[in-house]
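# Coordinate inspection notes
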Amino acid sequence: MATQRAVRLRINGRDHDLTLDSRVTLLDALREYAGLPGSKKGCDQGQCGACTVHVGGQRVLGCLTLAMQAEGREITTIEGLAAPDGTLHAVQAAFVEHDAFQCGYCTPGQIMSAVACIHEGHAGSDDEIREYMSGNICRCGAYPHIVAAVRDAAARLGKGTSL
Amino acid sequence: MTSPLNPELKRRTLVQATMMTGAALTASGAAQAAAPAEANAVRQPVKHGAVGSSLSRADGAVKVKGTARYAIEQPLARMAYGVLVQSTIPAGRIRAIDTAATRASPGVLAVYTHESGFRINRPKRDLEGGAATEVFVPLQDNLVRWNGQHIAIVVAESFEQATEAAALVTVAYEASEALLHPTDSRAHPQPMDAIKAEWGDAAAAFASAPVKVEGVYTTPREYNVPMEPHACVAAWEGDRLTVWEPSQWVGGARQVISEWMGLDIEKVRVVSPYVGGGFGSKIAPHPHVSLACIAARELGRPVKVSLTRPQTFTGLGGRPRTHQRLALGATRDGQLVSIVHEGWNETAIDDTHVEPTNSVTTLMYATPNLSSRHSIIPVNTVNPSWLRAPGENPSTYALETAMDELAHTLGMDPVALRLKNWADQDPKAKIPWTTRQLREAYAAGAEAFGWSRRNPAPRSMREGRELIGWGMAAGTYPVWRQPGEAKIILHADGRVEVHSGGVDIGTGTYTILAQAAAEVLGVPVERVSVSLGDTDLPRAPVAGGSQLANILMGAVHTAAVATRTELLNLAASDPKSPLRSARVNDLVLENGQIRPSRRPTGGVAIADLLKAVERERLEVHRDTFPTGATEAQRNAGNRSFTLMQPATASGGSAHAWSAQFVEVRVDEDFGTVRVKRMVAAFDSGLVFNPKLARSQWIGGMIMGIGQALLEEGLIDPRDGRVVNANLADYAVAVNADVPEIQTISVGIPDLQATPRGGKAVGELGIVGVAAAISNAVFHATGKRIRDLPITIEKLVGA
């Protein structure tokens, strides 16, 4: 039987006090309770990557993480990536420049994965980018442009850039 | 000539075209006559933001920031959550459905089954002048027609509660014998005589042909799987209903929803500003949407219903299984003398979907003798539907593979064989092409690919343990068109708005319509904002069949030209205008300024003119309908397929063309196939925005990689269940599957095809890709796999 519990989630540098069913995933907490639907639900079973967010500086799948598991940790979503003045993150800007999406639904997950991919030091070559970006499905087929955007942003950011 | 708006529909032609895209059509092309006089402007050098320039996506910023609101992201108060229950047998009756535990589960607000007694009307299908792509309506009886049919909906305060409660529904079935495979001896093929094609004596010519190839080509069930699952929010305000639905066509969705609910269409609003991919699967709303509307009405609250990813495999259909027997007869020097074709696709047991496997068979090559038939075979499945290039895709797969087989048999280069059988005119309609830059596509593609360095012998090229295969294929997609509307609003604060109910499904409509308006009005493109995807906006047809860009570019251009004329008249005639002493013919609109044509300075900005004449806004609504079109006729274009005109409507045969070149590497030991590089040349006519068009082309090509090598719906032969109904087991191409892709545009503006000279883009990208890959695999391995996808076990076992 599910229980309701108060939980404080720190999302994009701000505390959100929510009362949640213990079964609520981090993805649904963001989308349905915290008013942050930028993270997308594509499969809800960890197969497509559309829900990728950062927890404690690492990319995780929001649909396979319970909200409670993220309590007390820094959560970053696509809404928290741009600078406070609205300036796009280098990866966001590169996605626009290289037209690395069409419908835009996988895009938040792709971008969150790309930021982590660069940070992890896995953007060293196009083949490496392809491999480390393969957990994010894009049915519109923007992959070559995603690779170009990640390559470009990685060059601008330098290796080991902080998240 | 019959008026396109008051057509005497010829049944045969109607059915024929409907087979092509599910569209009814009119018998005439007169509505296309309104080609804007300024269309020649496209030939001038392309300025930043003008039509033809590679502007970045206008909706790019909101999509990368995560602030674009997709359908179910509407924040409405008191939202309730609906979760569907689907059948677990393929045929029979529900004997009993026990919902007691469900109703007692925490948070549950309602459970609806066929016993609830809510009437949902059968919607009108495309062929009947409606917009629906299936006649099935859920919960109207206890019949089970396929495994995975919606049989109940559970609504609760939260998604978690609804999910738990839905799992508690127990169903007792009375199973009946199911028909699961089209090759079952009990199956009844239904010939589609309307798309039959016969000329000469194909059988006799094939029998006496000196060179023959013959094969059976099959494709499995394939699914659209857009990343955004099919999901909606329905909310009532009194007797008015608003549905946030990811839709390729809000006008069509509104029509279907009003029919389902028995509601005056004026009381239905459908909103779809962003769509997370459709590829044909969001053309019409599917049955779950009707349940969201019912639940929202009964509960008096907004209801959000999302199919789970597995439910999307049976809550709506993808491309049906297809089967083609194709025989080509030729002379020893490679001249086709006969094409004999027989194809079928599966359909639902009591519904109709036609995937015309002969749409390209009868179009691509000149042959004195041809015979082609197509049938549909009902089985217990959700009604299949449209997936990128329905018809053209499987048709081209078989034809272009067979042509490769013929080239190999003849010892002739595949490109040379295609040129040898060049069709000077449309072989079926027997009218000239409008434009056909296919020779240019072959040449440009072959040159960029390095085709001349190909050793034609199979297994002749290798690198270490990898066999190298080079294959090619042609592709084509017809140009569909109909009239359209658009509104332009100029504001005194300098903003320019473009309004259309048409939808941007990721194709770039937001961007290119801004370009169209900016070009004529001489304003920076960044100042133009485009609103789309809402039935409150000017009526628009479906974003499908690669038609919408051409239709709306024509409509926006027409509206922009009219806006310019009104502005200049205002400048020359309004007593408060700074330019009131000028004659209208002496005024020009340039760089956002109205000025006398002989004076480079002294202009007045559009915004300043509006302020001077004390107008807050100037609103211009125009269309490309023939003069005198009635409201009913305009609605028909918005709510049905009846105004869609076929490729032959303008007196010429209008099609987009392509040539695909592919290199594969096949591991000799393991049989793994990797696509190493792809080059394609496209004739899509005038390309409105090369950057965004390339995205669509490569998107199609990548979907083609999936079709060729990965995608296959696996059906349990015991119970018709889709075994791999998820994104891990129904594999689509991921980043690591995709190589470098080069695209080349060889099109020229085709003003006979469309008002601005564009042809098809999005659907075209996938056509021919599977054949090119299949041909490359044959070249690498000497093994001809005629059953998609080409998987390791087929290659190793062949």
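Fair warning: this is a prediction, and the values are worked out from it, not measured in the lab.

Conventions adopted
Residues numbered from 1 in each chain as written. Chains lettered and ligands numbered in written order. Predicted model: local features only at pLDDT ≥ 70, side-chain atom pairs only at ≥ 80, totals over all residues. Heavy atoms only, no water. Helix = DSSP H or I, 4+ residues; strand = E, 2+ residues; numbered from the N terminus. Rg over C-alpha atoms; globule rule 2.2 N^0.38 Å. Buried < 20%, exposed > 50% of the residue type's maximum accessible area, 1.4 Å probe, protein only. Contact = heavy atoms within 4.5 Å. Buried area = accessible area lost by both parts, 1.4 Å probe. Salt bridge = Lys/Arg side-chain N within 4 Å of Asp/Glu carboxyl O. Polar contact = N/O pair within 3.5 Å; in protein donor to acceptor, adjacent residues only side chain to side chain. Pairing = 2+ DSSP bridges. Axes fitted to C-alpha atoms, helices over the stretch in contact; angles between N-to-C directions. Phe/Tyr/Trp six-rings, centres within 6.5 Å; stacked < 30°, edge-to-face > 60°. Lys NZ or Arg CZ within 6 Å of the ring centre and 35° of its normal. Domains from an automatic or database assignment. 1 Å grid on protein atoms, 1.4 Å probe; cavity = no way out; pocket = protein on both sides within 12 Å on 5 of 7 lines; lining within 4 Å. Points joined across faces, edges and corners; volume = space filled by probe spheres on them. Nonpolar A, V, L, I, M, F, W, Y, C, P; charged D, E, K, R; others polar. Parallel < 35°, antiparallel > 145°, perpendicular 65-115°, else oblique. Left-handed = near helix turned anticlockwise from the far one by under 90°.

### Regarding the overall build of chain B
Within chain B one finds 17 helices and 28 strands. Against the 2.2 N^0.38 benchmark of 28 Å for 798 residues, chain B shows a C-alpha radius of gyration of 27 Å, consistent with a compact globule. Seen through its principal axes, chain B has C-alpha atoms that stretch 85 × 75 × 55 Å. In chain B, which comprises 798 residues, the share counted as buried stands at 67%. In chain B, once contacts between residues fewer than 6 apart in sequence are set aside, the share between residues at least 24 apart is 80%.

### Notes on the interface of chain B and chain A
Taken together, the contact pairs 59 residues of chain B with 48 residues of chain A. Summed over the three residues of chain B that lose the most area to chain A, namely Val64(B), Met227(B) and Asn735(B), the buried surface amounts to 19% of that side. We note a salt bridge from Arg139(A) to Glu711(B), for which the minimum N-O separation is 2.7 Å. The tally of links between chain B and chain A comes to 27 residue pairs in polar contact (both at pLDDT 80 or more). Counting residues per element, the ones that place at least two in the side of chain B that touches chain A are helix H2 (60-65), helix H4 (159-166), helix H15 (690-709) and strand E28 (740-745) of chain B. At nine residues, H15(B) tops the list of elements feeding residues into the side of chain B that touches chain A.

### A few points about the sheet that holds strand E10 (residues 231-237) of chain B
Residues and elements named next belong to chain B. With respect to topology, seven strands assemble into an open sheet ordered E3-E5-E1-E13-E10-E11-E12, the strand pairing being mixed. Every interior strand has two partners, whereas the edge strands, strand E3 (108-113) and strand E12 (268-271), have only one. In this sheet, neighbouring strand axes are inclined to one another by 20° on average, regardless of whether the strands run parallel or antiparallel. Bridging between E10 and strand E11 (residues 240-244) involves five bridges; their strand directions are antiparallel.

### Notes on the environment of Gly685(B)
Residue and element names in this part refer to chain B. In this structure, glycine 685 sits in the loop between strand E27 (673-683) and H15. Linking glycine 685 and valine 796, residues 111 residues apart in sequence, is a C-alpha distance of 42 Å. Look past the residues within four positions of glycine 685 in its chain and what remains in contact with it is Gly747, Ile748, Pro749, Gly757 and Lys759.

### Quick look at the packing of aromatic side chains
A full pass over the atoms with the stated rule returns 17 aromatic pairs over all chains. Taking the centre distance of 4.8 Å and the plane angle of 65° together, the rings of Trp249(B) and Phe641(B) count as edge-to-face. With Trp249(B) in the loop between E11 and helix H6 (250-261) and Phe641(B) in the loop between helix H14 (631-639) and strand E26 (655-667), the pair connects residues that are 392 residues apart, well separated along the chain. Each residue in the set Tyr105(A), Tyr70(B), Tyr274(B) and Tyr510(B) is aromatic and connected to the rest through ring pairs, giving one cluster. One Lys or Arg, Lys430(B), reaches over the ring of Trp199(B) and ends 4.6 Å from the middle of that ring.

### Considerations on the domain arrangement of chain A
Residue and element names in this part refer to chain A. Taken as a whole, chain A is organised into domain 1 (4-77) and domain 2 (90-157). The gap between the C-alpha centroids of domain 1 and domain 2 is 22 Å. If you look at the interface, domain 1 gives 16 residues, while domain 2 gives 14 residues. Carbon and sulfur atoms supply 53% of the area that domain 1 and domain 2 bury against each other, a total of about 1100 Å² over both sides. Viewed at the interface, domain 2 and domain 1 are joined by one salt bridge. A salt bridge links glutamate 120 to arginine 59; the nearest nitrogen and oxygen atoms lie 3.0 Å apart.

### Thoughts on H14(B)
Those residues of H14(B) not exposed but buried are Gln633(B), Arg634(B), Asn635(B), Gly637(B), Asn638(B) and Arg639(B). On its buried face, H14(B) sits against H6, strand E19 (485-491) and strand E25 (617-623) of chain B.

### Considering empty space enclosed by the protein
In this approach the atoms are scanned with a rolling probe the size of a water molecule, which exposes any empty space left behind. Residues and elements named next belong to chain B. Summed over all chains, the structure comprises twelve cavities of 30 Å³ or more. By volume, the largest cavity is sized at about 660 Å³. In terms of lining, the largest cavity is formed by 45 residues, of which the most central are Thr507, Ser546, Gln696, Gly762 and Glu763. Elements that contribute at least two residues to the lining of the largest cavity include exactly helix H11 (509-521), helix H12 (548-573) and H15. Residue composition of the lining of the largest cavity, grouped by class: 23 nonpolar, 19 polar and three charged. The residue makeup of the lining of the largest cavity includes at least three contributed by each of domain 1 (11-68 + 482-639) and domain 2 (407-480 + 649-797). Counted as a void, the second largest cavity has a volume near 100 Å³. What lines the second largest cavity is a set of 18 residues, and nearest its centre among them are Arg221, Tyr223, Phe313, Thr381 and Val382. Classifying every residue of the lining of the second largest cavity by side-chain character gives seven nonpolar, seven polar and four charged.

### Re the pattern of salt bridges
Residues and elements named next belong to chain B. A complete count under the given rule lists 69 salt bridges over all chains for this structure. One salt bridge connects arginine 321 with glutamate 346, and the closest N-O pair in it is separated by 3.0 Å. Of the two residues, arginine 321 sits in the loop between strand E13 (303-306) and strand E14 (322-330) while glutamate 346 sits in strand E15 (residues 336-348), which places them 25 residues apart along the sequence. Given the relative accessible area of 12%, arginine 321 is considered buried. Residues arginine 598 and aspartate 586 are paired through a salt bridge, measuring 3.4 Å at the closest nitrogen-oxygen approach. You can see arginine 598 sitting in the loop between strand E23 (593-596) and strand E24 (604-605) and its partner aspartate 586 sitting in the loop between H12 and strand E22 (587-590), a full twelve residues away along the chain. With a relative accessible area of 70%, arginine 598 lands in the exposed category. Given the relative accessible area of 21%, aspartate 586 is considered partly exposed. Taken together, the salt bridges that share partners define one network made up of Arg459, Arg462, Arg465, Glu668 and Asp669.

### A short note on the domain arrangement of chain B
How big an interface is tends to be stated in terms of accessible area lost as the parts join. Along its sequence, chain B is carved into domain 1 (11-68 + 482-639) and domain 2 (407-480 + 649-797). A C-alpha centroid distance of 34 Å is found between domain 1 of chain B and domain 2 of chain B.

### Describing the pairing of E13(B)
Along a regular strand, successive side chains alternate from one face of the sheet to the other. Residue and element names in this part refer to chain B. One ladder, built from three bridges, connects strand E1 (residues 80-86) with E13; its direction is parallel. Looking at E13, one finds that alanine 80 is bridged to valine 303. In this structure, E10 lies alongside E13, joined through four bridges in antiparallel fashion. Its bridge partner lying in E13, valine 233 is registered against lysine 304.

### A look at the packing of helix H2 (residues 90-97) of chain A against helix H5 (residues 143-157) of chain A
All names here are of chain A. Between H2 and H5, the shortest axis-to-axis distance is 8 Å and the interhelical angle comes to 140°. Taken together, H2 and H5 sit at an angle that is classed as oblique. Here the hand of the crossing between H2 and H5 comes out right-handed. Of H5, the residues touching H2 (which contributes Ala90, Val91, Ala93, Ala94 and Phe95) are Ile146, Ala149, Val150, Ala153, Arg156 and Leu157. The residue inventory of the contact of H2 with H5, partitioned by class, reads ten nonpolar, no polar and one charged.

### So, the environment of Glu228(B)
Residue and element names in this part refer to chain B. Position of glutamate 228 among the secondary structure elements: in the loop between strand E9 (211-219) and E10. For the pair glutamate 228 and glutamine 324, spaced 96 residues apart in sequence, the C-alpha to C-alpha distance is 32 Å. A distance of 2.7 Å separates the side chain of glutamate 228 from the backbone nitrogen of glycine 276, its partner in a polar contact.

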